[in-house]
Amino acid sequence: MSNIQLIIEERAADIGNFLVGRLLPFRQKRAVGPFVFIDHMGPAKLSDHQNLDVGPHPHIGLSTLTYLFEGAIMHRDSIGSVMEIKPGAVNWMTAGKGVVHSERTPEYLRHSEKHLHGLQIWVALPKDLEETEPSFTHIEADAIPSWTENGVAFKLVAGEAFGRKSPVPVYSPLYFLEIKSKQAAKLSIGEDLFGESALYILEGSIRDGDEEYGPKQILIAKNSELCAFEMAENTTIYIFGGEAFPEERFIFWNFVSSRKERIEEAKEAWIQQTFPKIEGETGFVPLPEPKF
């Protein structure tokens, strides 16, 4: 019997001057373990006058995980971090009590054609760490645990699974896995996972029993014990999840908190521009109007 509880289709969303595919949150599933937000960026081909320019904007109560398949993004934040991220590496920024950052096409690519493709992910912080000091960590691609089993390539981008641990400094029990197959393959990995779990199909397809699922879908499992499934040739999937928090998380714009009043405080602080500044950046992304 299938272990799939819910299927979420990728939905278009506008982040300013760039369209993305929104995966989480979803009205019927606000989070998977501590994962509260996932955007699929691209794949996009940008001309010599098109660039990613997400200006200074704030976060509280979460960690952001940026993971690229193609292209490059220059990250700058209010704690002084300046870091270009390239495919396979991880940028992990913990907002805690409050941080401001920008994401732009690096200067050396701004006047040439380029591609951009990747995932932007938010992971909520445990309640006792929501107001922690902000921090930033960059993990190079060759430091991510990678291995091959029966012709299937695995990467543990973040968290712990399969007796391995990623160097990304997470704050609660979770996992974020990349699995690639060039040839058709059967997998059964439920015994290595825990908590809530979901599977995102980037390319190719998988078969679960008599059902086949294709790209741009998230399959939400009834529990972490994913049934055995088959990957078609040239398929890439991401499995993510972990232990859910006992408290609900509220989200408004870029703010995540277990307390609604904390989000209101953050909104007012951004309106008054009392968040810390990014050295060398001017301007800011205004607070959006509430959606009713």
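Look above for the structure.
These lines cover the structure that appears in this document, whether it is placed above or below. (Residues numbered from 1 in each chain as written. Predicted model: local features only at pLDDT ≥ 70, side-chain atom pairs only at ≥ 80, totals over all residues. Heavy atoms only, no water.)

### Focus on the overall build of the chain
Consideration 1: When helices and strands are tallied, the chain shows one helix and 25 strands.
Consideration 2: Residues counted as buried form 55% of the 292 residues belonging to the chain.
Consideration 3: Contacts in the chain between residues at least 24 apart in sequence constitute 70% of all its contacts with a sequence separation of at least 6. (Helix = DSSP H or I, 4+ residues; strand = E, 2+ residues; numbered from the N terminus. Buried < 20%, exposed > 50% of the residue type's maximum accessible area, 1.4 Å probe, protein only. Contact = heavy atoms within 4.5 Å.)

### Here's the deal with the sheet that holds strand β17 (residues 185-187)
Consideration 1: The strand order across the open sheet built from four strands is β17-β22-β19-β20, with neighbouring strands paired in antiparallel fashion. The sheet is open, and its two edges are formed by β17 and β20 (211-213), each paired on a single side. Across this sheet, the average inter-strand angle for adjacent strands is 25°, counted without regard to direction.
Consideration 2: Sheet topology places strand β19 (residues 206-208) next to β20; three bridges connect them, and they run antiparallel. Each residue of the ladder has a partner; that of Asp 208, found in β20, is Glu 211. (Pairing = 2+ DSSP bridges. Axes fitted to C-alpha atoms, helices over the stretch in contact; angles between N-to-C directions.)

### Quick word on the pairing of strand β8 (residues 82-85)
Consideration 1: Two strands pair when backbone bridges link them, and strand β7 (residues 73-77) and β8 are joined in this way by four bridges, in the antiparallel orientation. Counted as the bridge partner of His 75 is Met 83 from β8.
Consideration 2: Two successive antiparallel strands, β7 and β8, enclose a turn made up of four residues, where Gly 80 displays a positive phi of approximately 95°.

### Things to note about the sheet that holds β7
The pairing of strands in a sheet comes from backbone hydrogen bonds and takes either a parallel or an antiparallel form.
Consideration 1: Strand order in the open sheet formed by four strands is β5-β10-β7-β8, with antiparallel pairing between adjacent strands. A strand with exactly one partner marks an edge of an open sheet, and here the two such strands are β5 (53-59) and β8. Between one strand and the next, the sheet's axes are offset by a mean angle of 20°, whatever the strand orientation.

### Let's talk about the environment of Phe 229
Consideration 1: Its location among the elements puts Phe 229 in strand β22 (residues 229-231).
Consideration 2: Residues Phe 229 and Leu 187 lie 42 residues apart in sequence; the distance between their C-alpha atoms is 5.6 Å.
Consideration 3: Aside from chain neighbours lying at most four places away, what touches Phe 229 is Ala 185, Lys 186, Leu 187, Leu 199, Ile 206, Arg 207, Ile 237 and Ile 239.

### Re unusual backbone geometry
If a residue is not glycine, its phi is most likely negative; likewise, a peptide bond is most likely trans.
Consideration 1: The omega torsion across Gly 42 and Pro 43 is 5°, close enough to zero to call that bond cis.
Consideration 2: Relative to the helices and strands, Pro 43 is located in strand β4 (residues 35-46).
Consideration 3: The phi angle at Asn 150 is positive, at roughly 50°, despite the residue not being glycine.
Consideration 4: Of note, Asn 150 is situated in the loop between β13 (146-149) and β14 (152-161).
Consideration 5: Despite not being glycine, Gln 273 shows a phi value in the positive range, around 60°.
Consideration 6: Residue classification places Gln 273 among the partly exposed positions, given a relative accessible area of 23%.

### Section: the side chain of Ser 78
Consideration 1: Relative to the assigned elements, Ser 78 resides in the loop between β7 and β8.
Consideration 2: Apart from residues no more than four positions distant in its own chain, Ser 78 is found in contact with Val 99, Val 100, Pro 276, Lys 277 and Ile 278.

### Describing the packing of aromatic side chains
Consideration 1: For the coordinates displayed, the defined rule picks out 16 aromatic pairs.
Consideration 2: The interplanar angle of 10° and the centroid separation of 6.2 Å between the aromatic rings of Phe 255 and Phe 275 together place this pair among those described as stacked. Linking Phe 255 in strand β25 (residues 255-257) with Phe 275 in the segment after α1 (260-271), this pair joins segments that are 20 residues apart in sequence.
Consideration 3: Overall, the relative accessible area of 0% leaves Phe 255 in the buried class.
Consideration 4: An aromatic cluster is built from Phe 35, Tyr 67, Phe 69, Phe 176, Tyr 238 and Phe 240, whose rings are joined through pairwise contacts. (Phe/Tyr/Trp six-rings, centres within 6.5 Å; stacked < 30°, edge-to-face > 60°.)

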